[in-house]
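# Structure at a glance
In case you want the letters, here they are:
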Amino acid sequence: MPATPLPSAREASAALARVGRHFHQRGWVFGTSGNFSVVRSRQPVRLAITASAAHKGELTARDILEIDAKGRVTRGRRPPSAETGVHLAIVAARRAGAVLHTHSIWSTILSERHRGRGGLAVRDLEMLKGLDGVTTHAHREWIPIVANTQDMPALARDITAVLAARPAAHAVLIAGHGLYTWGRTLAEAERHVEILEFLLELEGRRQSWPS
C-alpha cells in the first residue's frame, strides 16, 4: 500500500484548526484544554502541533507551530503545547500520523473512577468497529489509564511503557485529565476520537444507572 501523503504546513494548520472547532462544539475540549498534532515529515521528524494556551475553538494558523524530534520549535514564534513530549512518544511508539488529546467530562470521570484498575474495558458494542482493525462488535477494547503528573518527560515515559505493554490499544486515558488517541492519518485519529468519546459517554451513563 502506498504511503499516505503528508500534509503541507498550510494544510496541517487548516486541518487542526477545523478539528479544534469541531471538538469544541462537541464539548470534548473546553477553552485552552486539549492539544493536537499531525506529522508533517518523518525524516527528519516534524510535527505540526497546537501552541500552548491556545483556545481550541478559535484556532488560527498562528496557533499551529512546527517542532522537531526533540520538541524544539522549527516554525512559529510561540511555545508548543506542554504535552509535546507525549505526542512525540506516541508518534514513535505507534508510527502515528496524528495524535489528538481531548478533555471531555466523561473521559475525566471514567479515568478517575477506574484508575485503581489500571484501565477500562469496553466490549460487545457495535461502535467498536469504528476503531482501526476491529471488524466485529464481539471485541474487548482495553483503554489503559496512567497517573497524571506535571512532569511531562515522566508522563511520556509512562505512556511509552503502557503502549509497549498494550500493543492493541487504540487510546490511553490520563487519570483526571483526559483521552489520547491517534491514527495513521488525521482523519483516522479524528474518527477514533468520535468513536471513543461515544463509548466513554455510553459507559459513564451506563455505570451511573441505578442497580
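Structure first, text after, so check above.
The following paragraphs examine the structure supplied in this document. (Residues numbered from 1 in each chain as written. Predicted model: local features only at pLDDT ≥ 70, side-chain atom pairs only at ≥ 80, totals over all residues. Heavy atoms only, no water.)

### Here's the deal with the pattern of salt bridges
Summed over all chains, the structure comprises ten salt bridges. Its salt-bridge partner being Glu188, residue Arg184 comes within 2.8 Å of it at the nearest N-O pair. The exposure class assigned to Arg184 is exposed, which follows from its relative accessible area of 51%. On the basis of relative accessible area, Glu188 is assigned to the buried category, the value being 8%. Note that Arg206 is salt-bridged to Glu203, the shortest N-O span being 2.3 Å. In this pair, Arg206 and Glu203 are both assigned in helix H5 (residues 186–207), three residues apart and thus about one turn of the helix distant. Sharing partners across several salt bridges, the network here consists of Asp132, Arg184 and Glu188. (Salt bridge = Lys/Arg side-chain N within 4 Å of Asp/Glu carboxyl O. Buried < 20%, exposed > 50% of the residue type's maximum accessible area, 1.4 Å probe, protein only. Helix = DSSP H or I, 4+ residues; strand = E, 2+ residues; numbered from the N terminus.)

### Here's the deal with the sheet that holds strand S2 (residues 45–50)
Reading across from one edge, S4-S3-S2-S1-S5-S9-S8-S7-S6 is the order of the nine strands in this open sheet, with mixed pairing throughout. Edge strands, defined here as strands with exactly one partner in the open sheet, are strand S4 (73–75) and strand S6 (119–123). Shown here is a sheet whose adjacent strand axes are inclined to one another by a mean of 25 degrees, direction ignored. Of the strand pairs in this sheet, strand S5 (residues 98–102) and strand S9 (residues 178–183) are connected by five bridges, and their pairing is antiparallel. Its bridge partner lying in S9, Ala98 is registered against Gly183. Strands in contact with helix H2 (residues 84–94) are strand S1 (35–42), S2, strand S3 (64–67), S5 and S9; relative to S2, the strand with the most contacts, it is inclined by about 135 degrees. (Pairing = 2+ DSSP bridges. Axes fitted to C-alpha atoms, helices over the stretch in contact; angles between N-to-C directions. Contact = heavy atoms within 4.5 Å.)

### Examining the packing of helix H1 (residues 9–26) against H5
Where H1 meets H5, the axes come as close as 12 Å, and the angle between the chain directions of the two elements is 10 degrees. Judged by the angle between their axes, H1 and H5 are roughly parallel. Seen from H1, the contacting residues are Ala15, Leu16, Arg18, Val19, His22 and Phe23; seen from H5, they are Leu186, Glu190, Val193 and Glu194. A breakdown of the residues in the contact of H1 with H5 according to their chemical character gives six nonpolar, one polar and three charged. (Parallel < 35°, antiparallel > 145°, perpendicular 65-115°, else oblique. Nonpolar A, V, L, I, M, F, W, Y, C, P; charged D, E, K, R; others polar.)

### With respect to helix H3 (residues 105–113)
Among the residues of H3, those classed as buried are Trp106, Ser107, Leu110 and Ser111. Looking straight down H3, one finds its buried side chains confined to an arc of 125 degrees; they lie on one side. Tucked into the core, H3 has its buried residues touching S5, S6, strand S7 (140–146), strand S8 (171–174), S9 and H5. (Arc of directions from axis to C-beta.)

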